[in-house]
Amino acid sequence: MSYMAWGSIRCFGEAVRWLLFGQIAVADFAGNSRHKLEPFSSPVGVVPMDTQEAPVSRSGQCLCGGVRYQLEAEPLSFMFCHCRDCQTVSGGGPAAIVMLPKPAFRLLQGTLKTYSKRSDRGNMAHRRFCAECGSQILSELDARPRFVFIKAGTLDDPASLTPRANLWIRSAQPWSAMDRTLKQFETEP
Ligand SMILES: [Zn+2]
Ligand SMILES: [Zn+2]
């Protein structure tokens, strides 16, 4: 098999894995509402919700309270990222990350400062944090432009989320307690 053909198959496999992961995550978090399975077609700032359910209201803030934000859709997934960059910025084992469609993030107050760095995969990651207290709030990835990745610990009610997966387990620390019943990914789905 040629290198090119093998590369195409690998790319295709990755796309399917992300798709499956996304569908599982969406099904888990958003129920069976057809409305919520198509959050990406909505205009910026407006995410359709099932009128029979109470409006989603999730908010969060940084340590000093200068930055406050609101999420206008339910998370698509909640996962732990064990990549070395997340370990460095979180100062611990994995970073706890909530994935949402980008238009669902609304900054209510404060200013986010950005530090951009190329990931192990070679893609740019833009990490945004409070310029005053340094709390990491969210990341945006050039390779996944339709999503935003919020640090779960900054939510006002992080206990209401259920984790789904561990990413980048190949760089997980040996002392990092990992729930093996979650989906495991050597790197990323
Ligand atoms: Zn702050
Ligand atoms: Zn990471």
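In this text, all values refer to a predicted model and were calculated from it rather than measured experimentally.

Procedures and definitions
Residues numbered from 1 in each chain as written. Chains lettered and ligands numbered in written order. Predicted model: local features only at pLDDT ≥ 70, side-chain atom pairs only at ≥ 80, totals over all residues. Helix = DSSP H or I, 4+ residues; strand = E, 2+ residues; numbered from the N terminus. Buried ≥ 20, exposed ≤ 12 C-beta atoms within 10 Å, placed from the backbone. Contact = placed C-beta atoms within 7 Å. Pairing = 2+ DSSP bridges. Core = buried A, V, L, I, M, F, W, Y, C linked by C-beta atoms within 7 Å. Axes fitted to C-alpha atoms, helices over the stretch in contact; angles between N-to-C directions.

Participant: Which residues make up the overall build of the protein, and what values go with them?
Facilitator: The helix and strand tally for the protein stands at two helices and eleven strands. The linear arrangement of helices and strands in the protein, starting from the amino end, is α-β-β-β-α-β-β-β-β-β-β-β-β. Going through the 189 residues of the protein one by one, you find that 30% of them count as buried. Long-range pairs, those at least 24 residues apart, make up 56% of the contacts in the protein with a sequence separation of at least 6.

Participant: Provide a residue-level description of the environment of C64, including the pertinent values.
Facilitator: Residue position: C64 is located in the loop between β1 (58-61) and β2 (68-71). We classify C64 as partly exposed; it has 13 C-beta atoms within 10 Å. Discounting residues that sit within four places of it in the chain, C64 has contacts with C130, E132 and C133.

Participant: Give a description of the sheet that holds strand β4 (residues 95-101) that names residues and reports values.
Facilitator: Taken together, eight strands build an open sheet; the order of strands is β6-β7-β8-β9-β4-β3-β10-β11 and the sheet is mixed. Only two strands of the sheet have a single partner each, and these edge strands are β6 (112-118) and β11 (183-184). In terms of strand pairing, strand β3 (residues 77-81) meets strand β10 (residues 165-167) through three bridges, oriented parallel. Each bridged residue has a counterpart across the sheet, and for F80 the counterpart in β10 is N166.

Participant: Which residues make up the nonpolar core, and what are the values?
Facilitator: Formed by 32 residues in total, the largest nonpolar core has its most connected members in M79, C81, I97, L100, F105, I137 and I150. Put simply, the parts of the chain that give this core at least two residues each are β2, β3, β4, β7 (124-130), β8 (136-141), β9 (147-151) and β10. Of the residues forming this core, the biggest block, six residues, is contributed by β4.

Participant: Lay out unusual backbone geometry with the relevant residues and their values.
Facilitator: Positive phi, close to 55°, is recorded for W168, a residue that is not glycine. Position of W168 among the secondary structure elements: in the loop between β10 and β11. You can call W168 buried: it has 24 C-beta atoms within 10 Å.

Participant: With reference to specific residues and values, describe the pairing of β2.
Facilitator: Put simply, side chains in a regular strand alternate between the two faces of the sheet. Side chains Y69 and L71 of β2 all project onto a buried face; the interleaved residues R68 and Q70 project onto a face where none is buried. Summarising the sheet, β1 and β2 pair through four bridges and their orientation is antiparallel. Bridge pairing in β2 links S59 to Q70. Connecting β1 to the antiparallel partner β2 that follows it, the hairpin turn spans six residues, and G65 within it adopts a positive phi of roughly 85°. Strand direction decides the pairing type here: β2 and strand β5 (residues 105-109), joined by four bridges, are antiparallel.

Participant: If you had to explain the sheet that holds β2 to someone new, which residues and values would you point to?
Facilitator: Strands sit in the order β1-β2-β5 across an open sheet of three strands; the sheet is antiparallel. Across the chains shown, the open sheet's two edge strands, defined by having one partner strand only, are β1 and β5. The sheet shows a mean angle of 25° between the axes of neighbouring strands, direction not considered.

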